[in-house]
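Overview (structure and organization)
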Amino acid sequence: MSSLATTSNASITCLRRGLETACRLAAIIGGLIVAALSLMTVISIAGRWISSLPLISDLSALSWVGPITGDYELVEIGTAIAVFLFLPYCHLRGGHVTVDLLVMRAPLGVQRFLAVLTEALFLVVSCLMTWRLYHGLLDKHRYMETSMLLGIPLWWGYIAGIVGFTLLSLVCLYRLLSTFSNDTAPATQGDAS
């Protein structure tokens, strides 16, 4: 094996490790956000139920018990952020749903061509989404748009979107480069970590 191929494979392996760490961290943060949103939703629903009880609603000392103000806004923004942070790890691990009915019986060359084509298209789409999220962030920041009840600046959510899609673009680039190497599948769900 030539030293150029060895260097290329070593670079791809190093890139894979860095992406794996960054994607795991993003997915863990997304998971923590979902867990916090779930807990907040349960507390809000319990507060809404408790405040509707006749005995509790009459006590002025417990007037603070009730639903969390802006819970829908927090769930909306938090869920979007979590999805943005989950996408890179999902794609790195090959977790997206694919329909292989026709492709799995095709010759290896056709399979490889389709893998390169899909990774290239996904890279273009993720770069396009990153670019549009950046312009959305500038727009929301320029007009200082906020959520209705809590007044959360909407551009904050766009930051997480840009981070998630930038990381996804890097993952797409890695997977595209790795399809040109000797591996036929750059990363699948069954890979050992």
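Structure: see above.
First, a word on what this report is: a plain description of the structure on this page.

Conventions used here
Residues numbered from 1 in each chain as written. Predicted model: local features only at pLDDT ≥ 70, side-chain atom pairs only at ≥ 80, totals over all residues. Heavy atoms only, no water. Helix = DSSP H or I, 4+ residues; strand = E, 2+ residues; numbered from the N terminus. Contact = heavy atoms within 4.5 Å. Axes fitted to C-alpha atoms, helices over the stretch in contact; angles between N-to-C directions. Parallel < 35°, antiparallel > 145°, perpendicular 65-115°, else oblique. Left-handed = near helix turned anticlockwise from the far one by under 90°. Nonpolar A, V, L, I, M, F, W, Y, C, P; charged D, E, K, R; others polar. Patch = residues over 30% accessible without salt bridge, like charges linked within 9 Å, V, L, I, M, F, W, Y side chains within 5 Å. Areas by Shrake-Rupley, 256 points an atom, 1.4 Å probe, with all protein chains shown as cover. Salt bridge = Lys/Arg side-chain N within 4 Å of Asp/Glu carboxyl O. Buried < 20%, exposed > 50% of the residue type's maximum accessible area, 1.4 Å probe, protein only. Phe/Tyr/Trp six-rings, centres within 6.5 Å; stacked < 30°, edge-to-face > 60°.

1. A short note on the overall build of the protein
Scanning the protein from terminus to terminus reveals 5 helices and 0 strands. Reading the helices (α) and strands (β) of the protein from amino to carboxyl end gives α-α-α-α-α. Considering only contacts within the protein whose residues lie at least 6 apart along the sequence, 77% involve residues at least 24 apart.

2. Overview of the packing of helix α4 (residues 108–142) against helix α5 (residues 155–180)
Across the interface, α4 lies against α5 with an axial gap of 8 Å and an inter-helix angle of 160°. On the basis of their axis angle, the class for α4 and α5 is roughly antiparallel. Like other packed secondary-structure pairs, α4 and α5 cross with a definite hand, here left-handed. Class assignment of the residues belonging to the contact of α4 with α5 gives a composition of 20 nonpolar, 8 polar and 4 charged.

3. Some words on a nonpolar patch on the surface
On the surface, a cluster of nonpolar side chains totalling about 320 Å² of accessible area is made up of Leu15, Leu170, Leu173 and Leu177. Per-element tally for the nonpolar patch: the top contributor is α5, with 3 residues. As for its placement among the helices and strands, Leu170 is situated in helix α5.

4. Comments concerning the pattern of salt bridges
Evaluation of the coordinates by the stated rule reveals 6 salt bridges. Between Arg24 and Glu20 there is a salt bridge; the shortest N-O distance is 3.2 Å. Taken together, the residues Arg24 and Glu20, both in helix α1 (residues 3–52) and 4 residues apart, mark about one turn of the helix. The class of Glu20 is buried, set by a relative accessible area of 10%. For the salt bridge of Asp139 with Arg142, the shortest nitrogen-to-oxygen distance reads 3.0 Å. Linking Asp139 with Arg142, this pair stays in helix α4, spanning 3 residues, or about one helical turn.

5. Describing the packing of helix α3 (residues 71–92) against α5
Axis separation between α3 and α5 bottoms out at 8 Å; the angle between their running directions is 10°. Here α3 is positioned roughly parallel relative to α5, judged by the angle of their axes. Every residue of α5 that contacts α3 at Ile81, Phe84, Leu85, Leu87, Pro88, His91 and Leu92 is listed here: Gly157, Ala160, Gly161, Gly164, Phe165, Leu167, Leu168, Val171, Cys172, Tyr174 and Arg175. By residue class, the composition of the contact of α3 with α5 is 13 nonpolar, 4 polar and 1 charged.

6. So, the packing of aromatic side chains
Within this structure, the stated rule accounts for 2 aromatic pairs. Residues Phe84 and Phe165 carry aromatic rings whose centres are separated by 5.7 Å and whose planes lie at 65° to one another, so their mutual orientation is edge-to-face. Highlighted residues: Phe84 in helix α3 and Phe165 in helix α5, separated in sequence by 81 residues. By the burial criterion, Phe84 is buried, and Phe165 matches it. Plain terms: the ring middles of Trp155 and Trp156 are 6.3 Å apart, the flat faces sit at 80° to each other, and that makes the pair edge-to-face. Given a relative accessible area of 47%, Trp156 falls into the partly exposed group.

7. Thoughts on the side chain of Lys140
Tracing the backbone shows Lys140 in helix α4. Relative accessible area serves as the criterion here: at 18%, Lys140 is assigned to the buried category. Contacts of Lys140, omitting those with residues within four sequence positions, involve Glu145, Leu154, Trp155 and Tyr158.

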